[in-house]
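# Structural description and commentary
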Amino acid sequence: DFLCEIRLSKISPDLHTLFRNSKFAIERLLQNYTMVFPFYTDHSFQHAEQIINYCNILLGRENAEKLNAYEIYILLMGACLHDVGMGLSEKDLLQMVPDVKGAEEYMNNHSGEHIGGVARAFHNDFSACFIRKYAALFEMPDEYIDPVCQVARGHRKVNLLDENEMKRMVELSNGQKVRLAYLAAIVKLADELDVTSNRNLLFDYKNMGYDSHEQEMCFKSHFAIKSLEENNDELLLNYYSYDKDVLDEIASIGGKIRTTFNEYQAVVELYPEFLSLYKRVRLQEQ
């Protein structure tokens, strides 16, 4: 628990203070997603904290102790801000659209769609744009802005094995190295793992008035996946349901997680100094 946070406080009290002080602003900003997506899976600060928890699990103490203070700060900030693009104001979003590859084309092809459609489709890129524009809100030193943007952006759609999309190593102005693809892979897998019922604790799944069958299956599958469990070298997603459609959706979620896990494993292999604590992610029926 709090593995990275505690280590950062020990090896760099100044960076830990920066991270701690930024959390109030981040918490308020992440809540803005409800104005764009009032009926959607949780993307609040609670989700961000769970991502950090899963990052700590994936790292383990031995790997965490191999990260320098700058890497830990970048990992924590990237994890916290990875979904901030889900809650942009319409003004900010429209200003940022030209900077997001594919966003203008998407809007032209979906002219009758609510502005939330483009936010959802490209929210990882919008998160990076937001971090660059408002880094001063978090008192983020300039040299960390781009690495944090890349870790946040890398949580979806980015091929982390392609150096044209995600650099394996960057050097800060002080000469310290940041193993960027490794940090992004941890956040990406941690995000995929947050699919259990405790993500949406306040939802009344039986009386929600679902807008579509797809939305219904999304929420019901989250409700059916009861927990994430560590079992030696496996991560187990425990689920329970009698509904065939829900079971099919859970199988689809499991396939997506395994794809991300395989990408994560391939990235870890690029850094021989780090160990992969888990060999697989497996669905387990209760």
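Residues numbered from 1 in each chain as written. Predicted model: local features only at pLDDT ≥ 70, side-chain atom pairs only at ≥ 80, totals over all residues. Heavy atoms only, no water.

Here we take up the sheet that holds strand E4 (residues 234-239). Taken in spatial order, the three strands make up an open sheet running E3-E4-E5, and their pairing is mixed. On the outer flanks of this sheet lie strand E3 (225-231) and strand E5 (280-285), each paired with one strand and no other. Along the sheet, successive strands turn relative to each other by an average axial angle of 25 degrees, direction set aside. Summarising the sheet, E3 and E4 pair through six bridges and their orientation is antiparallel. By the bridge assignment, Glu230 is partnered in E4 with Leu235. Seen against the sheet, helix H13 (residues 244-268) touches E3, E4 and E5 and runs at an angle of roughly 165 degrees to E5. (Pairing = 2+ DSSP bridges. Helix = DSSP H or I, 4+ residues; strand = E, 2+ residues; numbered from the N terminus. Axes fitted to C-alpha atoms, helices over the stretch in contact; angles between N-to-C directions. Contact = heavy atoms within 4.5 Å.)

Turning next to the packing of helix H4 (residues 45-64) against helix H11 (residues 180-193). In a pair of packed helices, the angle between the axes and the distance between the axes together describe the arrangement. Interhelical geometry of H4 versus H11 gives an angle of 125 degrees and a closest axis separation of 8 Å. Considering the angle they form, H4 stands oblique to H11. Between H4 and H11 lies a crossing whose hand is right-handed. When H4 is examined against H11, the residues His47, Ile51, Tyr54, Cys55, Leu58, Leu59 and Asn63 are found in contact with a partner set consisting of Tyr182, Ile186, Val187, Leu189, Ala190, Asp191 and Leu193. For the contact of H4 with H11, the class distribution of residues is eleven nonpolar, two polar and one charged. (Parallel < 35°, antiparallel > 145°, perpendicular 65-115°, else oblique. Left-handed = near helix turned anticlockwise from the far one by under 90°. Nonpolar A, V, L, I, M, F, W, Y, C, P; charged D, E, K, R; others polar.)

Let us now look at the pairing of E4. With six of six residues buried, E4 lies mostly within the body of the structure. Here E4 shows no split at all, with Glu234, Leu236 and Asn238 on one side and Leu235, Leu237 and Tyr239 on the other all buried. This β-α-β element, E4 to H13 to E5, shows right-handed connectivity. (Buried < 20%, exposed > 50% of the residue type's maximum accessible area, 1.4 Å probe, protein only. Right-handed = clockwise from strand over helix to strand, strands pointing away.)

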